[in-house]
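This is what each chain is made of:
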Amino acid sequence: MKIIHLSDTHVGRNNNGSSNAELVDLIIEDILSLENPSDYLVVHTGDLIDKGNQQYRDLGSSLLAKLSDQGVRVLLCPGNHDCGDAMHVDPNLAAQFKAQFAPYIFGSQATQFPVLNIIDDCAFIGLDSNQAEMSWLDRWLAKGNLGDAQITALSKLLDLPEVRDKVVVLYLHHHPFFDAFVVSADVGDGHLLSHLFSWNTRRFRRLKDAYTLMQCIRDRVDIVLFGHQHFGLDYSAEAQRYGIPTALDASSSTCTEMDTDRMRYRIIDTDSGFITTRFVAFPPGHVQA
Ligand SMILES: [Fe+2]
Ligand SMILES: [Fe+2]
C-alpha cells in the first residue's frame, strides 16, 4: 500500500498573499503527476479547512474531488478547524462538516467513529478526536478528546481477526504525544517570549486522553498518523516505547505560516513488508507570496 499523508491544509486561509486553496491545488497536481496515481491512497488528518463555514467547506470539497475524480481514494478525519476554529469546536459545525464530507470520512459505512476500512494489506481506522470535546468547558483550547466510548469501540475493532492480520493504520487529528522532542520545533530559537508561549500552550495542544489511547493501542497498531501541531516530525521513537513502529505528524501540508518551512507531503509505503517513509518537499518558491 502506498499512502500519502496530508494534514492541516487550512483551505480558506491566506497568508502573505498566498491562498492555501491554490497551494493544495499544487499538491494535488503533484500527486496526480506521480506514476499510477490511483495506486496511492491519501489520508488527510484534518484541519482540511480553516474555519467551519459553508464557503470553506465547498472549497475543500472541490479540491478533494480533484483527487477522487482521478481514482485516488481519500480518507479524512475531522480537525478542530473543520468543526470551528483554533480555540473551540462547535457541535453544529461538526455535524455539517461530517455530513458534507461523509464520502471521505465514512464511505458507505454508518456515520460513527471509529471508522474501519480494509484496503489491500492495510486496515485503516479513523478517529474523531473532537468527539468528546463538545462540553462548553472542554472544547475551549481544542486540544482534542476521544472519549471512553470511542476508545472502547476502537479496542473491539483491533481484536477483529480481519484487522489483526493487516498493517493497522490509525489516523486522527490531534497529537497523541507530549513533549516528545527536545527542540521547540514551532518557535525556533529566536525570542524568550516565544519559548514561554510554547511551553505554556503546548500542554493544551496534546490530545487530552492520549494516555488512555496509548494503553489501548500499544502493541496493536503499526502506524499512527496525525496533524494539528504543524511540526512535521517523526514520532516513531516515542511510539516504539508502546510497541508501535511508526508515528508521523504530517505538518501543515501548505506550511504558509512559516516562511522558513516548505510545502511537502509524506509517502508511506508498506509494499515491501517494511514500512518506509519519505517526504516530497516543494521548492521554497511555493510558499512565498
Ligand atoms: Fe491545523
Ligand atoms: Fe488542529
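Residues numbered from 1 in each chain as written. Chains lettered and ligands numbered in written order. Predicted model: local features only at pLDDT ≥ 70, side-chain atom pairs only at ≥ 80, totals over all residues. Heavy atoms only, no water.

1. Some remarks on unusual backbone geometry
Step number 1: Omega for the peptide link from Phe113 to Pro114 comes to 0 degrees, which places this bond in the cis form.
Step number 2: Tracing the sequence through the fold places Pro114 in the loop between helix H4 (102-105) and strand S6 (115-119).
Step number 3: Phi at Asp8 is positive, roughly 50 degrees, even though this residue is not glycine.
Step number 4: Mapping Asp8 onto the fold places it in the loop between strand S1 (2-6) and strand S2 (14-15).
Step number 5: Taking the relative accessible area as the measure of exposure, Asp8 reaches 0% and is therefore buried.
Step number 6: The backbone of Asn36 shows a phi angle near 50 degrees, a positive value even though the residue is not glycine.
Step number 7: Tracing the sequence through the fold places Asn36 in the loop between helix H1 (20-32) and strand S4 (40-44).
Step number 8: Here Asn36 falls in the partly exposed class, since its relative accessible area comes to 44%. (Helix = DSSP H or I, 4+ residues; strand = E, 2+ residues; numbered from the N terminus. Buried < 20%, exposed > 50% of the residue type's maximum accessible area, 1.4 Å probe, protein only.)

2. Regarding the coordination of the iron ion (ligand 1)
Step number 1: Surrounding the iron ion (ligand 1) are the protein donor atoms Asp8 (OD), His10 (NE2), Asp47 (OD) and His230 (NE2), which sit 2.0 to 2.3 Å from the metal.
Step number 2: Each of the four donor atoms around the iron ion (ligand 1) contributes to a set of angles spanning 85 to 172 degrees, which defines the coordination as irregular.
Step number 3: In terms of primary sequence, the donors binding the iron ion (ligand 1) are separated according to D-x1-H-x36-D-x182-H.
Step number 4: Separating the iron ion (ligand 1) and the iron ion (ligand 2) is a distance of 3.5 Å, and Asp47 donates to both of them. Of the two residues, Asp8 is situated in the loop between S1 and S2 and Asp47 in the loop between S4 and helix H2 (54-68); the sequence distance between them amounts to 39 residues. Here Asp8 matches Asp47 in class, with each residue buried. (Donors = N, O, S within 2.8 Å, 3.2 Å for Na, K, Ca; no water. Tetrahedral: all angles 85-135°; square planar, octahedral: opposite > 155°, others 65-115°.)

3. Things to note about helix H5 (residues 148-158)
Step number 1: For H5, every residue scored as buried is listed here: Gln150, Ile151, Leu154, Leu157 and Leu158. One side of H5 holds all its buried residues, which, seen down the axis, span an arc of 115 degrees. Turned more than 90 degrees away from the buried face of H5, the exposed residues are Asp148, Ala149 and Lys156.
Step number 2: For H5, the secondary structure elements touched by its buried residues are S6, strand S7 (122-126), helix H6 (161-164), strand S8 (167-171) and helix H8 (210-217). (Arc of directions from axis to C-beta. Contact = heavy atoms within 4.5 Å.)

4. Quick look at the pattern of salt bridges
Step number 1: One pass over the full model with this rule turns up nine salt bridges.
Step number 2: Between Asp271 and Lys2 there is a salt bridge; the shortest N-O distance is 2.7 Å. Placement of Asp271 in the loop between strand S11 (264-269) and strand S12 (276-281) and of Lys2 in strand S1 is noted, with a sequence separation of 269 residues between them.
Step number 3: Close ionic contact of Asp50 with Arg13 constitutes a salt bridge, the shortest N to O distance being 2.9 Å. Of this pair, Asp50 sits in the loop between S4 and H2 while Arg13 sits in the loop between S1 and S2, placing them 37 residues apart in sequence.
Step number 4: Residue class for Asp50 comes out buried when judged on its relative accessible area of 15%. (Salt bridge = Lys/Arg side-chain N within 4 Å of Asp/Glu carboxyl O.)

5. Observations concerning helix H3 (residues 91-100)
Step number 1: Taken together, the buried positions of H3 are occupied by Ala94, Phe97 and Lys98. Looking straight down H3, one finds its buried side chains confined to an arc of 95 degrees; they lie on one side. Of the residues in H3, the exposed ones pointing more than 90 degrees away from the buried face are Asn92 and Ala99.
Step number 2: At its buried positions, H3 is contacted by H2, strand S5 (73-76) and H4.
Step number 3: Where H3 begins, one side-chain oxygen reaches toward the backbone nitrogen of Asn92, 2.8 Å away; that side chain belongs to Asp90. (Polar contact = N/O pair within 3.5 Å; in protein donor to acceptor, adjacent residues only side chain to side chain.)

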